[in-house]
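Observations on chain architecture
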Amino acid sequence: MSPELGRFALALACVFALAQAILPLRGAQKRDRRLMALAPGLAVGQLLALVAAFACLVNAAVTDDFSVANIVENSAVSKPLLYKITGVWGNHEGSILLWALILGICGAAVAGFGRNLPSALRARVIAVLGGVAAGFELFCLTTSDPFDRVWPAPLDGQGMNPLLQDPGLAFHPPVLYTGYVGFAVPFAFAIAALIEGRVDAAWGRWVRPWAVAAWSFLTLGIAMGSWWSYYVLGWGGYWFWDPVENASLIPWLSGTALMHSAIVVEKREALKIWTVLLAIGTFSFSLSGTFLVRSGILNSVHAFAQDPARGIFILALLGVVIGGSLVLFAWRAPSLTTGGLFAPVSREGALVLNNVLLCSLCAVVLTGTMYPPFMSLLFGKTISVGKPFFDAATIPLAIPLFIFMGFGPMLPWKRAQLWPVMKRLWAAALATLVAFSVSIFGLSGVLPILCATAAVWVIGSSVTDIAGRIALFKAPLAQSFQRARNLPRAVFGTAMAHAGVGVTVLGLAAMSQAQHRIVEVHVGQTEHMAGYDWTLTGVKMAPGPNYMAMEGTIEIRRHGHLVTVMHPSKRSFNAQNQTTTDVAIHTNGLSDLYGVIGDKHGTDADPTYVLRLHYNPLAPWMWFGALIMAFGGALSLSDRRMRVGAPRRAPLAGTVAAQ
C-alpha cells in the first residue's frame, strides 16, 4: 500500500465528494429521482476511498516508510507499535485526514440510516456533507498532504512529541473529532431545511438523534482531554482555560442548547428559526476551533501547525461554509413558519431559558478566548485572560442553569403551574438544604458552596423525577419495577445526563479545596500533608522503549498504616531532547493521592529530589460525571422513538414531496 496509492485514493475521495455535493443537490432542485438516488452511493464511495487513503498512511507508519515526510517528522524505528498507529493522527496532516474520514463516515451514516427520509431532503443533506468534505479533502491535497515524499529517505525519523506518547491522548483525538464532525449532520439538515424552506416536527425528530450522538462523543472527547491534562502534564490540574480547550467547550455549550431546542421543534413546532441558527452556529464553532488550532493564531500545548498558507486556506473554507450558511439563513429564515404558542411557565419556557443561559456561557467563553488574539492583531498588545476571569464570568451564569435544570423536565408542555412541581421536588429540596448546611462547614469560598449545593439539587431532582414517574414508594415495588421497564429509555437518558452534570460539578467544587505542596527532599525524608505521611524511599533509573526514566518510590501512610506505594517518574527522550512526567495517582473513588517527581539537585553522594504532592478530594467524580453524561446520551439514542417513527411530512403547498 504505497503512499502514491494513498494520494490517489484521497484524490478519488475528493472527486466523489464534489460529485456528491453537486449532483444530488441538482436532482433535488429538479425533482430528478435518478440524480437524487446517486447520493447514497457517492457517499459510500467517498468513504471507501478515504478508508483506503487512511489505511495507506497507517501502513507507512507501521512499516517505517521514512520516504514519507509525515512519517519522518512524527515517527521513529524505536517508537512503540501502538503509538506508530495512533501517531498517524497526532500531527497536523494526519489529523486533517482523520477529520475528513469521520466526515465521510457521517455522510455514509446518513445514507444508511436515512432511508425513511424524504428523497429530496436526504439528497440535500448528503450533498451538503459532500461539499464540506470536499473542502477538507482539497485542504489535504494542497497545503496539508500527508503523503508528501522526502528524498533521500533518512534511516530513522525524528519521533513524535513525547507528550503525545500516551494512551489517553492517542485515543482522545478520534473521539473528540467524532463529536466535532458529528455536528456537521445537524448543520446539513439545517442548510437543507433552509433550501427547502421548511422546518417541522419531523425535521426536529430527524435532527435530534444526530445532535445527541455528536454531543455524547464531544463530551467523552473533552473528558479524555481533561484527564490527559491531569495525569500527564503533572501540574495537578484538569482544566486550564487553555484557548484550545475552550475551542472544544464552545461547540459543546451551543450543541447542548441545540439538543434542547430541537426537542421544542419536535414536540411543539416552536423555536424553528432559533434551532436552525444553533445548528449552523455549533458546526461553525467546530470549524473555527480547527482554524484556531492549525492557523498559528493561538499558542497552546495542543496547537499543531503555524503555517500561514494553511491558515489562509482554512480561513477561506470558513468564509465559504460559515459565511455562505449565514447568508442563506438571512435570506430564507423569514420564510419559515412560526410554531405553537406557549406560556412562560412551561416546559418550552424552561427550555428557552436553558438556551439563553447556555448561549450566554458560550458567548462568555468565546469572548475570553478571542479577546487576546484580537487585541494583539488590532493594537499590538499582549494580554492574557485566565482562570480568574472565566470563573468569575461563568459560575454566576451556570448556577441559575443548574437550578432550572431541576424544574424543566417536570414541567408540562404549553402551560404549567410551579407549585405542583415544587411539591414533587420536596425530597430534592431537602437534600439540597442538607448539602448547603454541610458545604458551609466543609468548603471554603462562596462559589464552591453554591456550586456544590446546586449540584446536589440537580442530582436530587433527576432522581426525584424518575422516582415520581415509576411511583416509587407510592405503589407496590413490583408495580414500580414494571413501570420502570415500560418507561422510555430517553427519559432515563435525560435524567442520567442531568445527574452526570451534577456529579461533575460536585467534583469541581471539591477540587477547589485541594491541597498541594512542592518540596525538595532526600531519600528517606517524610513530608506531612492532608493527614498523610509521604516518604520518598528510593529513586532508580529505568529504561523505556525510546526513553530513559528516573523513577521514584513514594510510600504513603496514614496513622502509621501503609495506604499505597506510588512510582512517579520523569522521562527523558534523547531523540527530541525533551522530558516529560509520568504521574503516579492512587484513588479510592472519593479522593486522589497524586505524586510527581521533578528535578534532581545536589551531588550524586547527597542528592535531593523535587516532589509535587497533591491531595485532590472528589477528583474522580469530574470524569465519572462525564461518563454518566455520555452514557445518558447513548441510552437516549437506544430509545426506539429516537430512531424510528418520525411523523410523516405533509406535502408542501402546491408540490408533491418526493418520496
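You'll find the structure just up there.
In what follows, the accompanying structure is described. (Residues numbered from 1 in each chain as written. Predicted model: local features only at pLDDT ≥ 70, side-chain atom pairs only at ≥ 80, totals over all residues. Heavy atoms only, no water.)

Some words on the overall build of the chain
In terms of regular secondary structure, the chain is built from 21 helices and ten strands. For the chain, whose C-alpha radius of gyration is 27 Å, the value lies close to the compact-globule estimate of 26 Å for 659 residues. Summarising its shape, the C-alpha atoms of the chain cover approximately 90 × 75 × 55 Å along the three principal directions. The buried share of the chain, reckoned over its 659 residues, is 56%. Counting only contacts in the chain whose residues sit at least 6 apart along the sequence, the fraction spanning at least 24 positions is 72%. Summed over all atoms, the accessible surface of the chain reaches about 28300 Å², with 66% contributed by carbon and sulfur. (Helix = DSSP H or I, 4+ residues; strand = E, 2+ residues; numbered from the N terminus. Rg over C-alpha atoms; globule rule 2.2 N^0.38 Å. Buried < 20%, exposed > 50% of the residue type's maximum accessible area, 1.4 Å probe, protein only. Contact = heavy atoms within 4.5 Å. Areas by Shrake-Rupley, 256 points an atom, 1.4 Å probe, with all protein chains shown as cover.)

Here we look at the environment of Ala-509
Looking at the element boundaries, Ala-509 is found in helix H19 (residues 489-511). The spacing of Ala-509 and Cys-451 is 58 residues in sequence and 6.2 Å in space, taken between C-alpha atoms. Apart from residues lying up to four places away in sequence, Ala-509 is in contact with Leu-443, Pro-448, Cys-451 and Ala-452.

Examining the state of the cysteines
A covalent bond between the sulfur atoms of two cysteines is what we call a disulfide. This structure, assessed with the given rule, holds zero disulfides. Just so you know, Cys-106 is unpaired, no disulfide at all, and the nearest cysteine sulfur is the one on Cys-140, 16 Å from it. Of all cysteine sulfurs in the structure, the one in Cys-362 sits closest to Cys-359, which takes part in no disulfide; the separation is 6.4 Å. (Disulfide = S-S within 2.5 Å.)

Digging into helix H16 (residues 426-442)
Look at H16: 24 Å from first C-alpha to last across 17 residues, which is about the 24 Å you get at 1.5 Å a residue. The complete set of buried residues in H16 reads Ala-428, Thr-432, Ala-435 and Ser-439. End-on, the buried residues of H16 take up no more than an arc of 65°, which puts them together on one face. Residues of H16 that are exposed and angled more than 90 degrees away from the buried face: Trp-426, Leu-433, Val-438 and Phe-441. (Expected span 1.5 Å × (residues − 1). Arc of directions from axis to C-beta.)

Digging into the sheet that holds strand S8 (residues 584-587)
Remark on secondary structure: sheet strands pair via backbone hydrogen bonds, oriented parallel or antiparallel. Sheet architecture is open: four strands sit in the order S1-S10-S9-S8, paired in antiparallel fashion. One side of each edge strand has no neighbouring strand; the edge strands of this open sheet are strand S1 (515-521) and S8. Looking at each pair of strands side by side, their axes are set apart by 15° on average, direction ignored. Pairing between strand S9 (residues 591-602) and strand S10 (residues 607-617): ten bridges, direction antiparallel. Counted as the bridge partner of Tyr-594 is His-614 from S10. Sheet strands in contact with helix H20 (residues 619-637) are S8, S9 and S10, and its direction is about 120° off that of S9. (Pairing = 2+ DSSP bridges. Axes fitted to C-alpha atoms, helices over the stretch in contact; angles between N-to-C directions.)

A few points about the packing of aromatic side chains
According to the stated counting rule, one finds 18 aromatic pairs in the structure shown. With a centroid separation of 5.2 Å and an interplanar angle of 75°, the aromatic rings of Phe-389 and Phe-390 are classed as edge-to-face. Overall, the relative accessible area of 36% leaves Phe-389 in the partly exposed class. Exposure remark for Phe-390: the relative accessible area of 1% places this residue in the buried category. Taken together, Trp-227, Tyr-230, Tyr-231, Tyr-594 and Trp-623 form an aromatic cluster joined through their ring pairs. Positioned above the aromatic ring of Trp-331, the side-chain terminus of Arg-332 is 5.5 Å from the ring centre. (Phe/Tyr/Trp six-rings, centres within 6.5 Å; stacked < 30°, edge-to-face > 60°. Lys NZ or Arg CZ within 6 Å of the ring centre and 35° of its normal.)

Observations regarding the pairing of S9
Within a regular strand, side chains alternate between the sheet's two faces. Sheet analysis places S8 next to S9, joined by four bridges and oriented antiparallel. Bridging across to S9, Ala-584 finds its partner in Gly-595.

Notes on the packing of helix H8 (residues 184-196) against helix H9 (residues 201-232)
H9 packs onto H8 with a crossing angle of 160° between their chain directions and a minimal axis gap of 8 Å. Accordingly, the angle class assigned to the pair H8 and H9 is roughly antiparallel. On H9, the residues touching Val-185, Pro-186, Phe-189, Ala-190 and Ala-193 of H8 are Trp-203, Trp-206, Val-207, Trp-210 and Ala-211. Across the contact of H8 with H9, the residue classes tally to ten nonpolar, no polar and no charged. (Parallel < 35°, antiparallel > 145°, perpendicular 65-115°, else oblique. Nonpolar A, V, L, I, M, F, W, Y, C, P; charged D, E, K, R; others polar.)

Concerning the pattern of salt bridges
Taken as a whole and assessed by the stated rule, the structure comprises 20 salt bridges. Lys-387 serves as the salt-bridge partner of Asp-391, at 2.5 Å between the closest nitrogen and oxygen. With a gap of four residues between them, Asp-391 and Lys-387 both fall in helix H14 (residues 387-407), about one helical turn apart. Classification of Asp-391 as buried rests on a relative accessible area of 19%. You can call Lys-387 partly exposed: its relative accessible area is 49%. Salt-bridge contacts for Glu-555 lead to Arg-557; the nearest nitrogen and oxygen are separated by 3.2 Å. Looking at Glu-555, the relative accessible area reads 23%, which means it is partly exposed. Look at the salt bridges and you will find they share partners, linking Glu-4, Asp-65 and Arg-149 into a network. (Salt bridge = Lys/Arg side-chain N within 4 Å of Asp/Glu carboxyl O.)

Let's talk about the side chain of Thr-86
The residue Thr-86 is located in helix H4 (residues 81-86) in this model. Taking relative accessible area as the criterion, Thr-86 reaches 5% and is therefore assigned buried. If near-sequence neighbours (up to four positions away) are discounted, Thr-86 is found in contact with Ala-170 and Phe-171.

So, the environment of Ala-467
In this structure, Ala-467 sits in helix H17 (residues 446-469). As a C-alpha pair, Ala-467 and Arg-424 span 43 residues in sequence and 10.0 Å in three-dimensional space.

Remarks on the packing of helix H5 (residues 92-113) against helix H7 (residues 167-182)
One way to put it is that H5 packs onto H7 with a least axis distance of 9 Å and a crossing angle of 55°. Between H5 and H7, the interaxial angle falls into the category oblique. The hand of the H5/H7 crossing is right-handed. Contacts between H5 and H7 involve Ser-95, Leu-98, Trp-99, Ile-102, Leu-103 and Cys-106 on the former and, on the latter, Pro-174, Tyr-177, Thr-178, Tyr-180, Val-181 and Gly-182. Across the contact of H5 with H7, the residue classes break down as nine nonpolar, three polar and no charged. (Left-handed = near helix turned anticlockwise from the far one by under 90°.)

Describing H5
With 22 residues, H5 extends 31 Å from end C-alpha to end C-alpha; this agrees with the ideal 32 Å at 1.5 Å per step. With 19 of its 22 residues buried, H5 lies for the most part within the structure. N-cap assignment for H5: the residue whose side-chain oxygen lies 3.3 Å from the backbone N of Glu-93 is Asn-91. (Polar contact = N/O pair within 3.5 Å; in protein donor to acceptor, adjacent residues only side chain to side chain.)

Let's talk about the nonpolar core
By size, the foremost hydrophobic cluster in this structure holds 151 residues, and its most contacted members are Phe-189, Trp-203 and Val-276. Leave out the neighbours within four places in its chain, and Val-276 touches Ala-190, Leu-194, Val-199, Trp-203, Phe-329 and Leu-336. Counting 17 residues, the second-largest nonpolar core is a separate cluster that includes Trp-534, Leu-536, Ile-556 and Leu-593. (Core = buried A, V, L, I, M, F, W, Y, C linked by side-chain atoms within 4.5 Å.)

What about a nonpolar patch on the surface?
The grouping of Phe-436, Ile-440, Phe-441, Val-446, Leu-447 and Leu-450 at the surface amounts to a nonpolar patch, some 590 Å² of accessible area in total. Only H16 and H17 provide two or more residues apiece to the nonpolar patch. Val-446 sits in the exposed class, given a relative accessible area of 61%. (Patch = residues over 30% accessible without salt bridge, like charges linked within 9 Å, V, L, I, M, F, W, Y side chains within 5 Å.)

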